[in-house]
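# Survey of secondary and tertiary structure
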Amino acid sequence: MSAPVLIENVNHYFGTGEMRKQVLSEVSCEIRGGEIVILTGPSGSGKTTLLTLIGALRSAQEGSVRVLGHELLGAHPKTLTEVRREIGYIFQLHNLLDCLTTTQNVEMSLQLDKTVSAKEMRKTAREMLEAVGLGDKIDADPSRLSGGQKQRVAIARALARRPQLILADEPTASLDKKSGRDVVNLMHDLAKKQNVSVVLVTHDNRILDVADRIIHLE
């Protein structure tokens, strides 16, 4: 089975003309199935840029970006959409909707699949909330949850569609030490059980031990 992520000689630039700045220079790496990889490096080293290229959230400019069997450089918009649907995204800001319950927030990621009934969506959403330790919060208002609990809901939402790849950008930045540790342990355990690859961007040295491998950008 080929690696879920294979990046070769990727260059990326921001701006044009005299303002053009190279952010990624000849970056090559491979993310294997079931592997947890942490991207580290100083601000401005291109960690989030690389993550968004892998997630098909930013257009590749030079080099090869193969994700889940698809080449993203020059890919058709339909292909990019298909790839995004196979990825679970977890961001520093959990992006929950306070007008929805925790279960409804998780269900949102399942609504992309038109073959899943409303009953199945609700069942899966509740199962995922139980898996992240929020079985007693299935109908809770997100505004009444702690930061760690909100991030757990975001993880449940990302995992609900059984993605092959999870991309997390600073998921512990706004959390205290215990909540941050709980969140990454949860990602680790669920990812290993489901054989999901995880790419995690962080400045948090407290969680580096969760990684199978660390890639440092300069």
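Here is a short report on the structure shown in this document. (Residues numbered from 1 in each chain as written. Predicted model: local features only at pLDDT ≥ 70, side-chain atom pairs only at ≥ 80, totals over all residues. Heavy atoms only, no water.)

## Quick look at the environment of Glu107
As for its placement among the helices and strands, Glu107 is situated in helix α3 (residues 102-107). Looking at Glu107, the relative accessible area reads 11%, which means it is buried. The contacts of Glu107, once residues within four sequence positions are left out, are Met121, Arg122 and Ala125. (Helix = DSSP H or I, 4+ residues; strand = E, 2+ residues; numbered from the N terminus. Buried < 20%, exposed > 50% of the residue type's maximum accessible area, 1.4 Å probe, protein only. Contact = heavy atoms within 4.5 Å.)

## A word on the sheet that holds strand β5 (residues 70-71)
The strand order across the open sheet built from four strands is β2-β1-β4-β5, with neighbouring strands paired in antiparallel fashion. The sheet is open, and its two borders are formed by β2 (21-31) and β5, each paired with just one other strand. Looking at chain direction, strand β1 (residues 5-14) and β2 are connected through seven bridges and run antiparallel. Residue pairing in the sheet places Ile7 in a bridge with Cys29 of β2. The strands touched by helix α1 (residues 47-54) within the sheet are β1, β2 and β4 (62-67), with β1 carrying the most contacts at an inclination of about 125°. (Pairing = 2+ DSSP bridges. Axes fitted to C-alpha atoms, helices over the stretch in contact; angles between N-to-C directions.)

## Observations concerning the pattern of salt bridges
Applying the stated criterion across every chain yields a total of eleven salt bridges. As a salt-bridge pair, Lys178 and Asp182 come within 2.9 Å of each other at their nearest N and O atoms. Of this pair, Lys178 and Asp182 both sit in helix α6 (residues 177-194), separated by four residues, roughly a single helical turn. Residues Lys192 and Asp212 are paired through a salt bridge, measuring 2.7 Å at the closest nitrogen-oxygen approach. Highlighted residues: Lys192 in helix α6 and Asp212 in the loop between β8 (197-201) and β9 (213-216), separated in sequence by 20 residues. Among the residues examined, Asp212 registers a relative accessible area of 44% and is labelled partly exposed. Beyond isolated ion pairs, a larger network of salt bridges with shared partners links Glu107, Arg122, Arg126 and Asp139. (Salt bridge = Lys/Arg side-chain N within 4 Å of Asp/Glu carboxyl O.)

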